[in-house]
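# Coordinate analysis (summary)
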Amino acid sequence: MSQALTESQLKELKHLLMKRKDELNVQMEDNRANLAPAENTAGSVSQDEAGRLKNQTREVDEALTALDLTELRRIDRALEQMDEGTYGQCEECGCNIPFERLKVEPMTQHCVACKTKLEKQGVRV
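Quick summary incoming for the structure in this document. (Residues numbered from 1 in each chain as written. Predicted model: local features only at pLDDT ≥ 70, side-chain atom pairs only at ≥ 80, totals over all residues. Heavy atoms only, no water.)

One number sums up the size of the largest pocket: a volume of about 150 Å³. The leading source of residues in the lining of the largest pocket is helix 2 (residues 45–84), at five residues. Residues of the lining of the largest pocket, tallied by class, amount to two nonpolar, one polar and five charged. (1 Å grid on protein atoms, 1.4 Å probe; cavity = no way out; pocket = protein on both sides within 12 Å on 5 of 7 lines; lining within 4 Å. Points joined across faces, edges and corners; volume = space filled by probe spheres on them. Helix = DSSP H or I, 4+ residues; strand = E, 2+ residues; numbered from the N terminus. Nonpolar A, V, L, I, M, F, W, Y, C, P; charged D, E, K, R; others polar.)

Its 28 residues give helix 1 (residues 7–34) an end-to-end C-alpha distance of 41 Å, which sits within 8% of 40 Å, the value for a rise of 1.5 Å per residue. For helix 1, the set of buried residues is Leu13, Leu17, Leu24, Met28 and Asn31. (Expected span 1.5 Å × (residues − 1). Buried < 20%, exposed > 50% of the residue type's maximum accessible area, 1.4 Å probe, protein only.)

Of all hydrophobic cores here, the largest spans 19 residues; its most connected members are Leu13, Leu17 and Tyr87. Of all the elements in the fold, those that place two or more residues in this core are helix 1, helix 2 and helix 3 (99–104). When residues of this core are assigned to their parent elements, the largest contribution, five residues, is made by helix 2. What Leu13 contacts, discounting residues up to four positions off in sequence, is Leu5, Met82, Tyr87, Phe99, Leu102, Lys103 and Pro106. (Core = buried A, V, L, I, M, F, W, Y, C linked by side-chain atoms within 4.5 Å. Contact = heavy atoms within 4.5 Å.)

Summarising the element assignment, Thr108 is placed in the loop between helix 3 and helix 4 (112–120). Separated by 3.0 Å, the side chains of Thr108 and Arg101 make a polar contact. Ignoring sequence-local partners within four residues, the contact set of Thr108 consists of Arg74, Ile97, Arg101 and Leu102. (Polar contact = N/O pair within 3.5 Å; in protein donor to acceptor, adjacent residues only side chain to side chain.)

A cluster of nonpolar side chains, contributed by Val60, Leu64 and Leu67, occupies part of the molecular surface with about 270 Å² of accessible area. Considering the arrangement of structural elements, one finds Val60 in helix 2. By relative accessible area, which is 47% here, Val60 ends up partly exposed. (Patch = residues over 30% accessible without salt bridge, like charges linked within 9 Å, V, L, I, M, F, W, Y side chains within 5 Å. Areas by Shrake-Rupley, 256 points an atom, 1.4 Å probe, with all protein chains shown as cover. Salt bridge = Lys/Arg side-chain N within 4 Å of Asp/Glu carboxyl O.)

Set out below in structure tokens:
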């Protein structure tokens, strides 16, 4: 079983989380700026193709924004856990998640063993 995180490790992980949160907010702003209204593709062939392409781009930007929002929620949850003093503990088995794992994925909620087990069961984590 790994040891609890030190203050300097928590500080480093919080910095990683905040940096990623800032990056996601910028990405989401860019994606939202690109969200032009959907176009009616009735008309000439070239207008139809241009409209379809614009609508596909819009759908991609919407999907990216949804993914970013999901990641932001995970980051906010990790920051809340830091405030509560429960950050770095696996939500499934309660063990301490190793610092090395948290550096790679600082918003993780599970140790490798539990995440693997949940994924094999088809649970999205």
